[in-house]
Amino acid sequence: MAVKPDWLRVKAPQWERVGNVKEVLRDLGLNTVCEEASCPNIGECFNQGTATFLIMGPACTRACPYCDIDFEKKPQALDPMEPINLGEAVQRMNLKHVVVTSVNRDDLPDGGASQFVRCIEEIRKLMPQTTIELLIPDLCANWEALETILAARPHVLNHNTETVPRLYRRVRPQGEYQRSLELLSHAREIAPWVYTKSGIMVGMGETYEEVLEVMRDLRAVDCDIITIGQYLQPSAQHLTLHEFVTPEQFESWRIAGEEMGFLQVVSSPLTRSSYHAEQVQALMKLYPKNVVNAE
């Protein structure tokens, strides 16, 4: 395993605050992507009382070689209490912005769309002012399922492209680059009021120009927000790290993205899909969407 450079080292978390968040999660039987995917920002986010909830898991029906989430061909049935418990967790943690993501559930006809909807409904019952961001899988191109999700009116719809097209077969063998772009394009058509978002990892062998091409493709489907972060190899058994990308290169992508017209570009070595996601609230005030037809 490669030695991390100084810019990837994070401060030790205050475990008292982390413990409080973990206690809520354990008490309600909830999973977070922070823990399941071994996110490097877990200390900072848990210290701030935030978390990205992972529903329908913890096992995934896809075995992407970069990911630290467990693979299971036939995962467990959905927990009917999960949306209720998630809503209670958001209330206990007093979250102003919540991110809800999921494992891939290719075993379900709707890819889990109905569970996302129930989670939104339960959050709004207890915390109607909380803004809601969903980070969804590609739903196997089931656009009716996507429409079902968007009908529940999340504020942000995130779907990660993850990497550049050339590396898809190696990095994301069960995914399709064009399918991911289609999802974001359909989301814009179905719900012009939603803020769309996508993210990619770098350091897996892509070139600087290939990242720019992905950014251009995302702008071509009117994606509002992009996140770019360093891939960190979870273990020796996972996809091999190619390089540590410098902060200067991340900054260059940030500048390029803003010039392309993204409303927000979060590009740094420690950036993850939901890192500082609550900042979208300021973005929504700065760039309000037309919600006339959203009711």
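Here the structure is a predicted model, which means the values were calculated and not measured.

Thresholds applied
- Residues numbered from 1 in each chain as written.
- Predicted model: local features only at pLDDT ≥ 70, side-chain atom pairs only at ≥ 80, totals over all residues.
- Heavy atoms only, no water.
- pLDDT = per-residue confidence, 0-100.
- Contact = heavy atoms within 4.5 Å.
- Buried < 20%, exposed > 50% of the residue type's maximum accessible area, 1.4 Å probe, protein only.
- Helix = DSSP H or I, 4+ residues; strand = E, 2+ residues; numbered from the N terminus.
- Pairing = 2+ DSSP bridges.
- Right-handed = clockwise from strand over helix to strand, strands pointing away.
- Disulfide = S-S within 2.5 Å.
- Salt bridge = Lys/Arg side-chain N within 4 Å of Asp/Glu carboxyl O.
- Axes fitted to C-alpha atoms, helices over the stretch in contact; angles between N-to-C directions.
- Parallel < 35°, antiparallel > 145°, perpendicular 65-115°, else oblique.
- Left-handed = near helix turned anticlockwise from the far one by under 90°.
- Nonpolar A, V, L, I, M, F, W, Y, C, P; charged D, E, K, R; others polar.
- Expected span 1.5 Å × (residues − 1).
- Core = buried A, V, L, I, M, F, W, Y, C linked by side-chain atoms within 4.5 Å.
- Phe/Tyr/Trp six-rings, centres within 6.5 Å; stacked < 30°, edge-to-face > 60°.
- Lys NZ or Arg CZ within 6 Å of the ring centre and 35° of its normal.

Draft legend 1. Molecular detail of the confidence of the model for the protein. When pLDDT is averaged along the protein, the result is 87; 84% of the residues meet or exceed 70. In the model, residues 12-16 has pLDDT below 50 throughout and makes four contacts with residues more than four positions away in sequence or in other chains. Per-residue pLDDT stays below 50 along residues 34-38; that stretch engages in 19 contacts with residues further than four places along the chain or on separate chains.

Draft legend 2. How the structure looks around the pairing of strand β8 (residues 264-267). Of the two faces of β8, the one holding Gln264 and Val266 and the one holding Val265 and Ser267 are both buried throughout. Alignment of strand β7 (residues 225-230) against β8, held across four bridges, turns out to be parallel. Bridged to Ile225 within β8 is Gln264. Each parallel crossover has a hand, and for β7 linked through helix α10 (residues 247-260) to β8 it is right-handed.

Draft legend 3. How the structure looks around the state of the cysteines. Tallied over the full model, the rule gives zero disulfides. Not part of a disulfide, Cys60 finds its nearest cysteine sulfur in Cys64, a span of 6.5 Å. In this structure Cys60 comes out as buried when scored by relative accessible area, which is 8%.

Draft legend 4. Molecular detail of the pattern of salt bridges. One pass over the structure, following the stated rule, counts 18 salt bridges. A salt bridge links Arg105 to Asp107; the nearest nitrogen and oxygen atoms lie 2.9 Å apart. Arg105 gets classed as buried once you look at its relative accessible area, which sits at 3%. Bridged by salt links that share partners, the residues Arg62, Asp106, Asp138, Glu176 and Arg179 form one connected network.

Draft legend 5. Here's a closer look at the packing of helix α9 (residues 208-220) against α10. Relative orientation of the contacting elements α9 and α10 amounts to 30°, with a least axis distance of 11 Å. Between α9 and α10, the crossing angle belongs to the class labelled roughly parallel. For the pair α9 and α10, the sense of crossing is right-handed. Listed contacts from α10 to Tyr208, Val211, Leu212, Met215, Arg216 and Arg219 of α9 are Gln249, Ser252, Trp253, Ala256, Gly257 and Met260. Of the residues in the contact of α9 with α10, the class split is seven nonpolar, three polar and two charged.

Draft legend 6. Just helix α8 (residues 177-190), in detail. Its 14 residues place the ends of α8 20 Å apart at the C-alpha level, agreeing with the 20 Å of an ideal helix rising 1.5 Å per residue. Buried within α8 are the following residues: Tyr177, Arg179, Ser180, Leu181, Leu183, Leu184, Ala187 and Arg188. Residues of α8 that are buried in the fold lie against α6 (143-151), β5 (156-158), α7 (168-171), β6 (195-202) and α9.

Draft legend 7. Here's a closer look at the nonpolar core. Grouped together as the largest cluster of nonpolar side chains are 42 residues, with contacts concentrated most on Phe53, Leu86, Leu134, Ile136 and Leu157. Those elements giving two or more residues to this core turn out to be α1 (15-28), β2 (52-55), α4 (82-93), β3 (97-102), α5 (113-126), β4 (131-135), α6 and α8. At six residues, α5 tops the list of elements feeding residues into this core. One finds Val221, Cys223, Ala256 and Phe262 within the second-largest nonpolar core, a separate group that totals 31 residues.

Draft legend 8. Looking closely at the packing of aromatic side chains. Applying the stated criterion across every chain yields a total of three aromatic pairs. Consider the rings of Tyr208 and Trp253, whose centres lie 5.3 Å apart with planes at 15°: the pair is stacked. Placement of the pair is Tyr208 in helix α9 and Trp253 in helix α10, with a sequence separation of 45 residues. Residue Tyr208 is classed as partly exposed on the basis of its relative accessible area, which comes to 29%. With 5.8 Å between their ring centres and 80° between their planes, Phe250 and Trp253 make a pair best called edge-to-face. Remark: Trp253 and Phe250 occur in helix α10; sequence separation between them is three residues, near one turn of the helix. For the pair formed by Phe250 and Trp253, the shared burial category is buried. Taken together, Tyr208, Phe250 and Trp253 form an aromatic cluster joined through their ring pairs. The residue whose ring lies beneath Arg153 is Trp193, and the NZ or CZ to ring-centre distance is 5.6 Å. Over the aromatic face of Tyr195 sits the side chain of Lys289, whose NZ or CZ is 5.2 Å from the ring centroid.

Draft legend 9. Representation of the environment of Gly175. Its location among the elements puts Gly175 in the loop between α7 and α8. A relative accessible area of 11% places Gly175 in the buried class. Here Gly175 is in contact with Arg62, Asp138 and Tyr168, once residues within four sequence places are set aside.

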